[in-house]
Structures are given as structure tokens and as C-alpha cells.
Amino acid sequence: MLTPVRWRGGVLEILDQTELPWKEVWRELRHWEEVAEAIRTMRVRGAPLIGIVAAYGLVLAVWGHRPGRERDARFREAFEELGETRPTAVNLFRALERLRKVFERHKDGPDLHDLLLAEARAIHREEVEACRAMGRLGATLLPDGATVVTICNTGALATGGYGTALGVIRAAREMGKLSLVYPLETRPRLQGARLTAWELLQEGIPFRLIADSAAGWLLARERIDAVLVGADRIARNGDTANKIGTYTLAVLARRHGVPFYVVAPTSTIDPNLTSGEGIPIEERDEGEVLAPYGMKFAPDGATAWNPAFDVTPAELITAIITERGILRPPFSESVGSVLQ
Ligand code: MRU
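What you see is a predicted model, and the numbers here were worked out from it, not measured in a lab.

1. Considering the environment of Arg27
Working step 1: You can see Arg27 is positioned in strand E3 (residues 26-29).
Working step 2: A C-alpha to C-alpha distance of 25 Å links Arg27 and Lys243, two positions 216 residues apart in sequence.
Working step 3: If we skip the residues at most four places from it in the chain, Arg27 touches Leu12, Glu13, Ile14, Asp16, Glu19 and Arg43.
Working step 4: One polar contact links Arg27 to Glu19, side chain to side chain, over a distance of 3.0 Å.

2. What to know about the nonpolar core
Working step 1: Grouped together as the largest cluster of nonpolar side chains are 40 residues, with contacts concentrated most on Leu12, Val35, Ile39, Val53, Leu58, Leu82 and Leu116.
Working step 2: For this core, the elements supplying multiple residues, two or more each, are strand E1 (5-8), strand E2 (11-15), helix H1 (32-40), helix H2 (47-62), helix H3 (69-82), helix H4 (90-106) and helix H5 (112-139).
Working step 3: Among the elements that take part in this core, H2 stands out by supplying 13 residues, more than any other.
Working step 4: Not counting the four nearest positions on each side in its chain, Val53 is found in contact with Val5, Leu12, Val35, Ile39 and Val44.
Working step 5: Listed in part, the 32 residues of the second largest apolar core include Leu184, Leu218, Leu249 and Ile320.

3. Topic: the sheet that holds strand E10 (residues 309-312)
Working step 1: Across the sheet, three strands lie side by side as E7-E8-E10; this open sheet has antiparallel pairing. The open sheet has two free edges, formed respectively by strand E7 (233-234) and E10, since each of these has just one partner strand.
Working step 2: The sheet contact formed by E7 and strand E8 (residues 240-243) spans two bridges and is antiparallel. From the neighbouring strand, Arg233 faces E8, where its bridge partner is Ala241.
Working step 3: Relative to E10, helix H10 (residues 246-255) is tilted by about 35 degrees, and along the sheet it contacts E8 and E10.

The rules we used
- Residues numbered from 1 in each chain as written.
- Predicted model: local features only at pLDDT ≥ 70, side-chain atom pairs only at ≥ 80, totals over all residues.
- Heavy atoms only, no water.
- Helix = DSSP H or I, 4+ residues; strand = E, 2+ residues; numbered from the N terminus.
- Contact = heavy atoms within 4.5 Å.
- Polar contact = N/O pair within 3.5 Å; in protein donor to acceptor, adjacent residues only side chain to side chain.
- Core = buried A, V, L, I, M, F, W, Y, C linked by side-chain atoms within 4.5 Å.
- Buried < 20%, exposed > 50% of the residue type's maximum accessible area, 1.4 Å probe, protein only.
- Pairing = 2+ DSSP bridges.
- Axes fitted to C-alpha atoms, helices over the stretch in contact; angles between N-to-C directions.

Encoded structure:
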């Protein structure tokens, strides 16, 4: 199974997603600052993967350093800076917090490095296990011969292995239930066109890519059995932040009577937020819209607004598929029931 990160004795290897699908470039990261850069520039991306990589980043911050005030200051600096790389995916903050707890408990002991590494590995393993469980559960919701729509990339590349919404698609395919996937190309970073198409091709899963603006016409014209999306942060009432364009898809799904499923591990639920209003929405550089991947479409002097995520209100969501069960409305009750 594809995993986009590997830990090799003090070196974090990442598959650089800004190079895909044109080139498969593995980069070796030796310093936490390189990890922060990789998250900020989206060499690694996707909510669970950002958390996993940030956790390894904190391991790198202390790796090879002797106990003492200097090492502890490095850890705290890395903790702060990694937390400032991308604001929306709550997995990042939850993973950093897990590592901070291990650090505070064991910083004066002899095994700190090993314990931090074990925690980072555990986060990675748990995310992949959650994906497999969600895949199994989610696939039961689909009819035989299902045709589904998805957005962004929610596969192994986004999660450390298998995938969330794409994990359900993979599982449905394994069960022989899947007929066709329509991935949205997902402007401006084109995660659907570049990354989801790349993963689907590798798996031999049949798909037809569509422009984001074709989604409404597709839902109006074709029999679509489900819209499946991932999430970057879910509030306690079920409001869900995900890739920009997800809200549009949810409105369209409701208009056409198509079930709209969010597929996300419980690590994506923010226990501190009662509604989506408090979710910080990342706004990225306007250059990503004006000249995606250096291809300049807009004339000189044009400006752009580039929110990376939107929030889908809970009322538009049919169910949230987590590794601990399928949650149904009212979400203010069901979401709380899977929080430990
Ligand atoms: O900006 P990205 O590519 O990091 O955004 C990713 C998404 O929005 C995914 O849908 C989300 O992280 C869930 S994927 C497991």
C-alpha cells in the first residue's frame, strides 16, 4: 500500500506532492524547519497526513540532541512554528499536542527520543487503521454498481495510507460494488486532477475527471448514488470544514436528492468547537489562483481571493462516517458520542 512518508533512522522521507503527477520525487527532511516548509508549501497535505508529518517534525527537533535547556527550547520552538504552518486541519494541533504531552512527561528521562518516535509512529498507524475501518463501514452505504462524486484528494496521499473518502471508494471497489468515480479537478491546487486521478489510475479504479463547474450539470443529468468528501475540521454540531468547493457540492447534492457523506477519522473532530463558525479558514496566496503552477491565466494587474476551505453546515450532511461508527443527525448528539 502506498504511504507518502517514511521514517528512516533520523530522516523523514516524504513523497513531494507538488511534483505529482509529473514526477515522483522523494525528499529527505532532516530538520524540523524543513518539515514546516513542506507543510506550508503543500509538499505534504491532507488533514491526517499534516498531523503525522508534524509529529515526526517534533521528533526531528530533538533527534541527536543532548538533554538540556537548549534541546527543550528547540522542541518548544518547533512546536510553536509547526502549529503556525496551516490553520484549518485540526489533526495538526491534536498530533502536536500528543507529542508535547510525551515531551513534558519524559523530557528528563533517558528514552525521550524513542518515546516521541513511538508516539509519532502510533499516530501514523492509527490514522491508517481508521481509514480502513471507515472504508469498510462507508462502503456498506453504497448500492451495487455505485457511481460517486468526490472532491480534492482524500487518498493515501492525504492520510498516510488508504484514505478517507477515497478509502470508502477503494473498499467499495474491493467489494465489487463500484462502477464509476467522478473526481472534481479541485482548483486552484488541482488535488483532484493531479493526485486523485494519479491514485485512481494506480488502483485501476474507473473514473472520469470533471471541471469543478461541471458538478451541478452532472448531478442534474446522471444517476449519482453518493457524494463522498473528506474533512479538515468537524465541529461538535457536525459543521464541517473541507476543501473549497465542498459547500457548493453539498448544496447541489441536496438540490438533487443525493446523499452527502463526510468521511473523517475522529482525530478530525474538534471537541472545543460547538459550531463551524469558529473554524479558522486558511486563505492562501492569490498567485495560486492567478497563475496555478506558474501558468499565468489572469492579466497583469488582476487580483484574486483564495480561501483554501469552506464550511458545510451540518444540515446538508446525510452522515459522517468515522472509524467508530456512522454518525447521523442530530449531530450534536452523535458527534459527542464518539469523542473519548
Ligand atoms: O489543502 P489540502 O490539500 O491539504 O486539503 C485537503 C482536503 O481538504 C481534504 O479533503 C481533507 O484534508 C481530508 S483528506 C483525508
